[in-house]
Amino acid sequence: MLEVKGIRKNFGNLEVLKGVDLNVEKGDVVAILGPSGSGKTTLLRCINFLETADQGTLIFDGESYDMSWMSRRDIGALRKKTAFVFQSFNLFLNKTALENVTEGLIVARKMQKEQARKIGKRALDKVGMSDRYDHYPHQLSGGQQQRVAIARALAADPEIIFFDEPTSALDPELIGEVLEVMRELAQEGMTMLVVTHEMNFARNVSNKVIFMEQGVVVEEGTSKEFFGNPKEERTKAFLKIVTGES
């Protein structure tokens, strides 16, 4: 479904991605793990062309693209098949929950307002926000705001959703409600690529794990293999720190 080959990305003299490969099949939930500064978020942003890679090939639905040069038309076509959930929600503060979900449908996809409202309400219902259609972001908790952001992603009917540390901006007691929504999406077969620090999610919900450090993939495998029998010493050291397991 989605394959990336040889992504490289520099910021000035800093080489952030050093030839990363990635493969996602339909229905996969892939967790991308690693210490801060390992290139996880940059990888995700390059795949969705929020950043332009210096080098790399993306293959999506059988079409191949040069990631270092993409036309606006091709980027637009790809983004119609994908959705991105940011760690900081990125909601319009002057719009209600429902308006945040429908804005992209109406403006970018030229959908009739009434049809967009139906789709938006259905998406908000799905994430447990049916009683918050008319609430503004300042009237919502962080967890509720992130659920609106997920509803916005779902409303676009994407083939894959990219999540960039979706719980990192939340208070600890609000993390569970967002992870539960993601868990339900995984059970329904939604394809997801998730940068996360939530080890329980990576272990119990994702079916594949990629561990990155210093711009390269150190280890990848099924979640069961990664947590149960890691091969690389660096992976073992990382897991010992983040899980407290020996």
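Refer to the preceding data block for the structure.
Reading the values: the criteria
- Residues numbered from 1 in each chain as written.
- Predicted model: local features only at pLDDT ≥ 70, side-chain atom pairs only at ≥ 80, totals over all residues.
- Heavy atoms only, no water.
- Helix = DSSP H or I, 4+ residues; strand = E, 2+ residues; numbered from the N terminus.
- Expected span 1.5 Å × (residues − 1).
- Buried < 20%, exposed > 50% of the residue type's maximum accessible area, 1.4 Å probe, protein only.
- Arc of directions from axis to C-beta.
- Polar contact = N/O pair within 3.5 Å; in protein donor to acceptor, adjacent residues only side chain to side chain.
- Contact = heavy atoms within 4.5 Å.
- Pairing = 2+ DSSP bridges.
- Axes fitted to C-alpha atoms, helices over the stretch in contact; angles between N-to-C directions.
- 1 Å grid on protein atoms, 1.4 Å probe; cavity = no way out; pocket = protein on both sides within 12 Å on 5 of 7 lines; lining within 4 Å.
- Points joined across faces, edges and corners; volume = space filled by probe spheres on them.
- Nonpolar A, V, L, I, M, F, W, Y, C, P; charged D, E, K, R; others polar.

Topic: helix 4 (residues 113–126)
For helix 4, with 14 residues, the first-to-last C-alpha span of 20 Å sits near the 20 Å given by 1.5 Å per residue. Every buried residue of helix 4 is accounted for by Ala-116, Ile-119, Gly-120, Ala-123 and Leu-124. Along the axis of helix 4, the buried residues cluster in a sector spanning 135°; they form a single face. In this structure, helix 4 carries Glu-114, Lys-118 and Arg-122 as exposed residues pointing more than 90 degrees from its buried face.

Considering the side chain of Glu-213
Looking at where Glu-213 falls in the secondary structure, it is placed in strand 9 (residues 208–213). On the basis of relative accessibility, which here comes to 18%, the residue Glu-213 falls in the buried class. Among the polar contacts listed, one links the side chain of Glu-213 to the side chain of Arg-234, at a separation of 2.7 Å. In this view, Glu-213 contacts Pro-35, Ser-38, Val-218 and Arg-234; residues no more than four positions away in its chain are not counted.

A word on the sheet that holds strand 2 (residues 14–24)
Strand order in the open sheet formed by four strands is 2-1-4-5, with antiparallel pairing between adjacent strands. Looking at which strands have only one partner, the edges of the open sheet turn out to be strand 2 and strand 5 (63–66). The sheet shows a mean angle of 20° between the axes of neighbouring strands, taken without regard to direction. Where strand 1 (residues 2–11) meets strand 4 (residues 55–60), five bridges bridge the pair, whose relative direction is antiparallel.

Details of unusual backbone geometry
Here Glu-165, not a glycine, exhibits a phi torsion of approximately 45°, which is positive. Relative to the assigned elements, Glu-165 resides in the loop between strand 7 (160–164) and helix 6 (172–187). The backbone of Gln-214 sits at a positive phi, close to 50°, despite the residue not being glycine. Residue placement: Gln-214 occurs in the loop between strand 9 and strand 10 (216–222).

Brief notes about the layout of surface pockets
Empty space within the largest pocket amounts to approximately 670 Å³. If you list the elements that add at least two residues to the lining of the largest pocket, you get helix 2 (72–79), strand 6 (82–85), helix 3 (97–107) and helix 5 (142–155). Class assignment of the residues belonging to the lining of the largest pocket gives a composition of 11 nonpolar, six polar and five charged. Estimated volume of the second largest pocket: approximately 190 Å³. Taken together, Ile-119, Arg-122, Ala-123, Lys-126, Leu-154, Ala-155, Asp-157, Pro-158, Glu-188 and Met-190 make up the full set of residues lining the second largest pocket. At the level of secondary structure, the elements contributing two or more residues to the lining of the second largest pocket comprise helix 4 and helix 5. Here the lining of the second largest pocket takes four residues from helix 4, the largest share from any one element. Taken together, the residues of the lining of the second largest pocket break down into six nonpolar, no polar and four charged.

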